[in-house]
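# Commentary on secondary and tertiary structure
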Amino acid sequence: MSVKMGPNVCPITEERSGTVREVGGQAVWSLSSCKPGFGVDQLRDNSMETYWQSDGQLPHLVNIQFHRKTTVSQIYIYSDYKLDESYTPSRISIRCGTHFNDLQEIEVVDLCEPSGWVCFPIKEYEHEYFMYTFMIQIAVISNHQNGRDTHMRQIRIHSPTEGSQYPLEHHGKFSTIEFSQFRTIR
């Protein structure tokens, strides 16, 4: 798997291009553990200032269950080693399946002091097709400096768009909350 990192990696830019859409809002999210006030809501609030903090033994799990089979092309995780140090994940396993009992490991990725968005392209193991799944599990296997608990600041799940594409850049930037609520054609 070719993981993409760096200042040019941004899920919002890809969403605005019209080639992908964020489908995490269509899923039910659960965590293996969390400290009070540092759970799913903070992981999905679109703020880089908040984060999920695990509370327990490794591995730490993020479970994302869709109501119907969903095509997934990319997973974006925002981590910041400069702020989180030993809480920053260093080894992550991505797993897919229909439920908890049949998850297949797609990839194990080692991260070296990530600071910003990390993009994990999701493909079927033997093919170059996007993953078509009911469930994704992100497992933090280890942290930097042998840290016990984990911080993840944001996770976004992308699905490729089908049919016509309407890039938003053709219509200007939607920078306010009022404008962003009208950023897609329904």
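Residue indices follow the written sequence of each chain, beginning from 1 at its first position. In view of the model being predicted, local features appear only for residues whose pLDDT reaches at least 70, and side-chain atom pairs are presented and counted only at 80 or more, with totals across whole chains, interfaces and linings using the full set of residues. Only hydrogens and water are removed before side-chain values are computed, so all heavy atoms of the structure are retained for them.

## Structural notes on the nonpolar core
Definition of nonpolar core: a set of buried residues of the types Ala, Val, Leu, Ile, Met, Phe, Trp, Tyr and Cys, connected through side-chain atoms within 4.5 Å. Note on classification: 1.4 Å probe, protein chains only; a residue is buried when its accessible area is under 20% of the maximum for its type, exposed when over 50%, partly exposed between these limits. Core analysis: the largest hydrophobic core is formed by 28 residues, its most contacted members being Ile 75, Ile 138, Ile 155 and Ile 157. Mapped onto this core, the elements with two or more residues apiece are strand E3 (27–31), strand E5 (60–72), strand E6 (74–80), strand E7 (89–97), strand E8 (104–110), strand E9 (115–121), strand E10 (131–143) and strand E12 (154–160). Between two residues, a contact is recorded if the distance between any of their heavy atoms is within 4.5 Å. Contacts of Ile 75, omitting those with residues within four sequence positions, involve Ile 94, Val 118, Cys 119, Phe 120, Ile 122, Ile 136, Ile 138, Ile 155, Arg 156 and Ile 157. In terms of nonpolar packing, the next biggest core, distinct from the first, is built from five residues, Val 9, Tyr 76, Tyr 78 and Cys 119 among them. Numbering of helices and strands starts at the N terminus; helices are DSSP runs of H or I of at least 4 residues and strands are runs of E of at least 2.

## Looking at the packing of aromatic side chains
Only Phe, Tyr and Trp rings take part, Trp by its six-membered ring, and two of them pair if their centres are within 6.5 Å. Stacked means planes under 30 degrees apart, edge-to-face means over 60, and tilted covers everything else. Under the defined criterion, the tally for this structure stands at three aromatic pairs. Measuring from ring centre to ring centre gives 5.2 Å for Phe 38 and Tyr 51, while their planes differ by 25°; the resulting arrangement is stacked. Linking Phe 38 in the loop between E3 and helix H2 (40–43) with Tyr 51 in the loop between H2 and strand E4 (52–53), this pair joins segments that are 13 residues apart in sequence. Assessed through its relative accessible area of 29%, Phe 38 is described here as partly exposed. Classification of Tyr 51 as buried rests on a relative accessible area of 16%. Measuring from centroid to centroid gives 6.1 Å for Tyr 76 and Trp 117, while their planes differ by 85°, and the two rings are edge-to-face. On the criterion of sequence distance, the pair formed by Tyr 76 in strand E6 and Trp 117 in strand E9 is long-range, its members being 41 residues apart.

## Some details on the pattern of salt bridges
By definition here, a salt bridge exists when the distance from a side-chain nitrogen of Lys or Arg to a carboxyl oxygen of Asp or Glu is within 4 Å. Counted by the stated rule, this structure contains five salt bridges. When the shortest N-O distance is used, the salt bridge between Lys 35 and Asp 55 registers 3.6 Å. Note that Lys 35 is positioned in the loop between E3 and H2 and Asp 55 in the loop between E4 and E5, a separation of 20 residues in sequence. In this structure Lys 35 comes out as partly exposed when scored by relative accessible area, which is 28%. When the shortest N-O distance is used, the salt bridge between Asp 84 and Arg 153 registers 2.7 Å. Placement of the pair is Asp 84 in helix H3 (residues 81–84) and Arg 153 in the loop between strand E11 (151–152) and E12, with a sequence separation of 69 residues. Of the residues examined, Asp 84 reaches a relative accessible area of 4% and is grouped as buried.

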